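# Structural overview for review
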Amino acid sequence: QVQLVESGGGLVQAGGSLRLSCAASGSRSSTDAMGWYRQAPGKQRELVAGITTGGRINYADSVKGRFTISRDNAKNMVYLQMNSLKPEDTAVYYCNVKRGYGGGFHVDYWGQGTQVTVSS
C-alpha cells in the first residue's frame, strides 16, 4: 500500500515560485513511476510532470521550461519546483504513483491534493 501526502501549495503572485513536496510512504523506486497532476475547476485532471523508474522525465507543454520534477528515492519523496507561475496554473495539484506489475498493468495511487492559487 502506498500513501501520499502533498505539501507546499499556497497563494502566490504571477511570476512567483512554489515548491511542492510529496511524501510517498510504501513506494518502491524499482516499480513506481511518480508524477504530478492538476485539476482546475471545471476541467479534467491533467498530467503536469512525470518521472519514470529509470529517471525519464516528461512535462506538459504548458509547463516546460518553468516547472521541474525531481525524486529522492532514498527519502521516498517527489518534488515539483514551479517557477514563473501564471494564473492559469491555478489548480489542485495531486501527487501520483503508478506501480507497475508487468504486461502494461499498473495501479494508481493519489494524494489528497494541495491547492495552488496564482493571482494576477
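Up top you'll find the structure we're talking about.
Quick caveat: nothing in here was measured; it's all calculated off a predicted structure.

### A word on the packing of aromatic side chains
- This model, assessed by the stated rule, comprises three aromatic pairs.
- The interplanar angle of 45° and the centroid separation of 5.8 Å between the aromatic rings of Tyr101 and Phe105 together place this pair among those described as tilted.
- On the basis of relative accessibility, which here comes to 47%, the residue Tyr101 falls in the partly exposed class.
- Here the aromatic cluster, defined as three or more aromatic residues joined through ring pairs, consists of Tyr37, Tyr94 and Trp110.
- Positioned above the aromatic ring of Tyr79 is the side chain of Arg19, whose terminal nitrogen or guanidinium carbon lies 4.1 Å from the ring centre.
- A cation over a ring is seen here: Arg45 above Trp110, with NZ or CZ 4.6 Å from the ring centre.

### Focus on the pattern of salt bridges
- If you walk through the whole model with that rule in mind, you get six salt bridges.
- One salt bridge in this structure joins Lys64 and Asp61, with 3.0 Å as the shortest N-O distance.
- Asp61 sits in the exposed class, given a relative accessible area of 64%.

The rules behind each value
Going along each chain's sequence as written, the residues are numbered from 1 onward. Residues qualify for local features only when their pLDDT is at least 70, as the model is predicted, and side-chain atom pairs are given and counted only at 80 or more; totals for whole chains, interfaces and linings, by contrast, use all residues. With hydrogens and water excluded, all non-hydrogen atoms of the structure serve as input to the side-chain values. Pairing of aromatic rings covers Phe, Tyr and Trp, the last counted by its six-membered ring, and requires centre-to-centre distances within 6.5 Å; plane angles under 30 degrees mean stacked, over 60 mean edge-to-face, and any other angle means tilted. Note on classification: 1.4 Å probe, protein chains only; a residue is buried when its accessible area is under 20% of the maximum for its type, exposed when over 50%, partly exposed between these limits. Charge over a ring is defined by NZ of Lys or CZ of Arg lying within 6 Å of the ring centre and within 35 degrees of the ring normal. The term salt bridge refers to a pairing of a side-chain nitrogen on Lys or Arg with a carboxyl oxygen on Asp or Glu at a separation within 4 Å.

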